[in-house]
Every structure is written in C-alpha cells, then in structure tokens.
Amino acid sequence: MLVGITILLVFQLIGETAAYFLGGFVPGPVIGMAMVAVALVATGGVAPLQPAHRQTLETSRAILANLGILFVPAGVGIIQHFDLIRDRGLALLAIIVLSTVITLAVTVWAFLLVKRLTGGSVDE
Amino acid sequence: MNSGLWVYLATSPLLWLAGTLVVWLAATRIAALSPGNPLLNPIMLSIAAIAAVLLLSGVQYGTYFEGAQFIHFLLGPATVALGIPLYEKLALVKTNLLPMLAALIAGSLAAVGSTVFLSHLFGFSPSVVASLAPKSTTAAVAMAISSGLDGDPALTAAVVVLTGICGAIVVTPMMNAMRIRDYSARGFAAGLASHGIGTARAYSVDPVAGLFSGIAMGLNAVLTSLIVHLFL
C-alpha cells in the first residue's frame, strides 16, 4: 500500500514538473498517468521491480474502486453558488443536460462509425 | 446536543473528514439497495446530505473543506492511477485505437463546443462561460483549465460534478434506447462526457465499459486542455 501510493504520488510530481515546463498546457496528473503506463510497460520484464508493480496495481485498484467519494468535497462547493442557482439554475441545468446528451451521442457514433469502417467487430 | 462540543468539533477538520466518509459509506449502501437505478447515485446523495447539514448548521464551506481536502487531494493520484488499467489492457486498447481517436476528437469538440455555444445563447458572462467550458473533464483538470481562462474554479468544480452525475444518470437508458450494445463504445462515451463519475458508473455496469471510460477520461483531459483555446 505504502509503496503503491508513493509511486503514484512520485509520478504525479514528475507530471506536475513536466506540466510546469510545458507552460501548464496539459495538467500534471494527466502527464503522470501517461508516464506511469509507459513506465509499467518499459519495466514489465524487470524481476526485482515485480513487488513494486504488484503494489502499484493493488493501490490503484483500491483508489479506482472508490473513485466516487473523491468528487464529494468539490461537489459540496455548490452551496457557495446559491445566487447563481437561484437566478439562472434552469439555464445551467439545460446547458448541462443538453451538452452531456450531445457529447454522449457524438462520441458513441464516432466510435462505432470508425470501428465499422476499419473492419472491427461491433457487438450488436 | 451540547453546543460547546458542537462548536469545538464543527471547526475541526476531523469532524468533516470523518463525516464525509460516513456519509459516503451510507450513500453507497443506499445506492446498493437498487443497483440498476442510476438516480440513486451515491455521489449525488452524499453531496445533498452534506450540503443540507452545512446549510442547516450555518457552517461555512471553507470550514468543511479544511477536513474534506484530504479526500479531494486524492483526485490527483487517482488520475495517475488511471494509467494502470491502460497498461493492463493495452492489447484491447491497441485494437480500438482508430475508433478511440475519432471518438475522442469528435466528442471533445462536441463537449466544449456545445457548452460554449449554449452558455452564450443563455447570455452568461465570459467568466461563467470559461468556468463551464471544461466541465466534461475530471475535476482537478477542469479547475486548472478554468483558472487559466479567468473562470471561477469553485464554480467549475460544482458544474463538473453535476455534469458527471448527469452523464451517469442518462448514459445507460440513453445507450439502451439507441440500441448500442458495444460496451467499449458505451464506456468511452461515458468517460469522455462525464469523467470519473461516468467511469465509476461504467465500472458498475461492465468492466470493459469501465476500462474504456477511464481511458476516455484521461485522453479527454489532455485534448480539452488543448482545444478549449479554440472556443474561448
């Protein structure tokens, strides 16, 4: 557990450092995500690193299994915006619902269209 | 209740950290009573319960966040942790590379484009438009994008969570109505439109959907931070 969380935090730190030099164009944790995947692929065959690999996988599974709770503190912040919700709540809700439905439809159609065009088997 | 004790505890991070965990565990138990019901979303239940407690007791959000920040902080390492399913299912990812790339570009443009267009249509100020624009990406990333565009990161955080809950609620009935049974495509759409909350939902529906949702969430965070400048 401790090794796993340390590895994740160190990769986040590497990501933040890279983000700093890239001018903040891509967020640090996202760079960390790509780098941890690359590092796992690159060191997959290195025997002494196997325990560290296993711990990273276990810690990540535990975090991802409880992903939802991580959004609660930010979500409670909605109480700071009662003026905006009272005055423009319906417009905000309309934007959120419409753009989410549009995004879901466009994404799933683009995925399936290109999967069929490139000869992939689509589960019907 | 002893009001002296309440004043003492309500200002300590311990109460709000422990409280958030207890509320979350209760909310997941309630959601588990009806697993197929997307309206019983544990994130939405937890936020509603905690917001009600804060409003009724008059405790400021800043005081709450002093305790809850320890949970919030884990959004960063959780984003890094999404690299692990990517590594574990690399073969599956490789065979779907082109569909993923097309869906990523189309979906990311649709997410930011439709949000910016609609919020201009409804006459929101440039600061609110900037706060809404990255709402399909994960909270930590969206807040960074929003503050770079002179938006309000606190508003962005709230809207990101609402977008995630909206996606988690509509994705299953919508995909069923569209007769789409390909769980890689369904999951990818869920993660792109509604980030980690959609991903949590996707994992609870199907493991392949969860994997593709996590990948979409990561990729969309990268692409949105680049393309948002096209619209604002």
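- Looking at an unreviewed UniProt entry, one finds chain B named Putative murein hydrolase (TIGR00659 family) and attributed to Shinella fusca.
- The UniProt entry for chain B carries this comment under Subcellular location (unreviewed entry): "Membrane".

- An unreviewed UniProt entry annotates chain A as Holin-like protein of Shinella fusca.
- Quoted verbatim from the Subcellular location (unreviewed entry) heading of the UniProt record, the comment on chain A is "Cell membrane".

### Brief notes about the overall build of chain A
Here's step 1: Within chain A, the secondary structure is distributed over five helices and zero strands.
Here's step 2: Secondary structure elements of chain A, listed N to C terminal, follow the sequence α-α-α-α-α.
Here's step 3: Its C-alpha atoms give chain A principal-axis dimensions of roughly 60 × 45 × 30 Å.
Here's step 4: Residues counted as buried form 40% of the 124 residues belonging to chain A.

### Let's talk about unusual backbone geometry
Residues and elements named next belong to chain B.
Here's step 1: Here the phi dihedral of Asp150 falls at roughly 65 degrees; this positive angle occurs in a residue that is not glycine.
Here's step 2: Examined against the element boundaries, Asp150 turns out to sit in the loop between helix H10 (139–148) and helix H11 (153–177).
Here's step 3: Residue classification places Asp150 among the exposed positions, given that 11 C-beta atoms sit within 10 Å.
Here's step 4: Positive phi values are uncommon outside glycine, yet Arg179 reaches one of about 55 degrees.
Here's step 5: Here Arg179 falls in the exposed class, since 7 other C-beta atoms lie within 10 Å of it.

### Quick notes on the domain arrangement of chain B
In many analyses, interface size is given as the accessible surface area lost on bringing the parts together.
Residues and elements named next belong to chain B.
Here's step 1: Split by domain assignment, chain B resolves into domain 1 (3–73) and domain 2 (78–231).
Here's step 2: For domain 1 and domain 2, the distance between their C-alpha centroids amounts to 25 Å.
Here's step 3: Taken together, the contact pairs six residues of domain 1 with seven residues of domain 2.
Here's step 4: For the side of domain 1 that touches domain 2, the per-class residue count stands at five nonpolar, one polar and no charged.

### Overview of helix H2 (residues 13–32) of chain B
Here's step 1: With 20 residues, H2(B) ought to run about 28 Å at 1.5 Å a step, and its terminal C-alpha atoms sit 29 Å apart, in line with that.
Here's step 2: Among the residues of H2(B), those classed as buried are Trp16(B), Thr20(B), Val23(B), Trp24(B), Ala27(B) and Ala31(B). Down the axis of H2(B), the sector holding all buried residues measures 105 degrees, keeping them to one side. The outward face of H2(B), more than 90 degrees from its buried face, is lined by the exposed residues Leu14(B), Val22(B), Arg29(B) and Ala32(B).
Here's step 3: The inward-facing, buried residues of H2(B) abut helix H4 (72–76) of chain A together with helix H3 (42–57) and helix H4 (61–72) of chain B.

### Examining the packing of H10(B) against H11(B)
For any two helices packed against each other, the geometry comes down to the angle between their axes and how far apart the axes lie.
Residue and element names in this part refer to chain B.
Here's step 1: Contact geometry of H10 with H11 gives a least axis separation of 9 Å together with a crossing angle of 145 degrees. Every pair of crossing elements has a handedness; the one defined by H10 and H11 is right-handed. On H11, the residues that touch Ala139, Ala142, Met143, Ser146 and Ser147 of H10 are Pro153, Thr156, Ala157 and Val160.
Here's step 2: Here the contact of H10 with H11 is built from residues that sort into six nonpolar, three polar and no charged.

### Brief notes about the domain arrangement of chain A
Here's step 1: In terms of domains, chain A is made up of domain 1 (1–65) and domain 2 (78–124).
Here's step 2: The distance between the C-alpha centroids of domain 1 of chain A and domain 2 of chain A comes to 29 Å.

### Here's the deal with the nonpolar core
Where a protein is soluble and globular, its nonpolar side chains tend to be buried together.
Here's step 1: Core analysis: the biggest nonpolar cluster contains 112 residues, and Val161(B) and Ala189(B) have the highest contact counts within it.
Here's step 2: A total of 14 residues in this core trace back to one element, the largest contributor, which is H11(B).
Here's step 3: When sequence neighbours within four positions are dropped, the list of residues in contact with Ala189(B) reads Leu104(A), Thr107(A), Val108(A), Phe111(A), Gly107(B) and Val171(B).

### Description of the confidence of the model for chain A
Here's step 1: Here chain A averages 90 in pLDDT, while 98% of its residues score no lower than 70.
Here's step 2: For chain A, helix H3 (residues 50–65) of chain A is the element with the lowest average pLDDT, namely 89, and helix H5 (residues 82–117) of chain A is the one with the highest, namely 95.

### Some points on the packing of H5(A) against helix H8 (residues 97–121) of chain B
Here's step 1: It is at 8 Å that the axes of H5(A) and H8(B) come closest, and there the two elements cross at 160 degrees. Viewed along their axes, H5(A) and H8(B) adopt a mutual orientation that is roughly antiparallel. In this structure, H5(A) crosses over H8(B), and the sense of that crossing is right-handed. Counting all contacts with H5(A), which are made through Ile95(A), Leu98(A), Ser99(A), Ile102(A), Thr103(A), Val106(A), Thr107(A), Ala110(A), Phe111(A), Val114(A) and Lys115(A), the residues of H8(B) involved are Leu98(B), Pro99(B), Ala102(B), Ala103(B), Ala106(B), Gly107(B), Ala110(B), Ala111(B), Ser114(B), Thr115(B), Leu118(B) and Ser119(B).
Here's step 2: Of the residues in the contact of H5(A) with H8(B), the class split is 15 nonpolar, seven polar and one charged.

Rules used throughout
Residues numbered from 1 in each chain as written. Chains lettered and ligands numbered in written order. Predicted model: local features only at pLDDT ≥ 70, side-chain atom pairs only at ≥ 80, totals over all residues. UniProt positions renumbered as here; feature names shortened; annotations may be inferred. Helix = DSSP H or I, 4+ residues; strand = E, 2+ residues; numbered from the N terminus. Buried ≥ 20, exposed ≤ 12 C-beta atoms within 10 Å, placed from the backbone. Domains from an automatic or database assignment. Contact = placed C-beta atoms within 7 Å. Nonpolar A, V, L, I, M, F, W, Y, C, P; charged D, E, K, R; others polar. Expected span 1.5 Å × (residues − 1). Arc of directions from axis to C-beta. Axes fitted to C-alpha atoms, helices over the stretch in contact; angles between N-to-C directions. Left-handed = near helix turned anticlockwise from the far one by under 90°. Core = buried A, V, L, I, M, F, W, Y, C linked by C-beta atoms within 7 Å. pLDDT = per-residue confidence, 0-100. Parallel < 35°, antiparallel > 145°, perpendicular 65-115°, else oblique.

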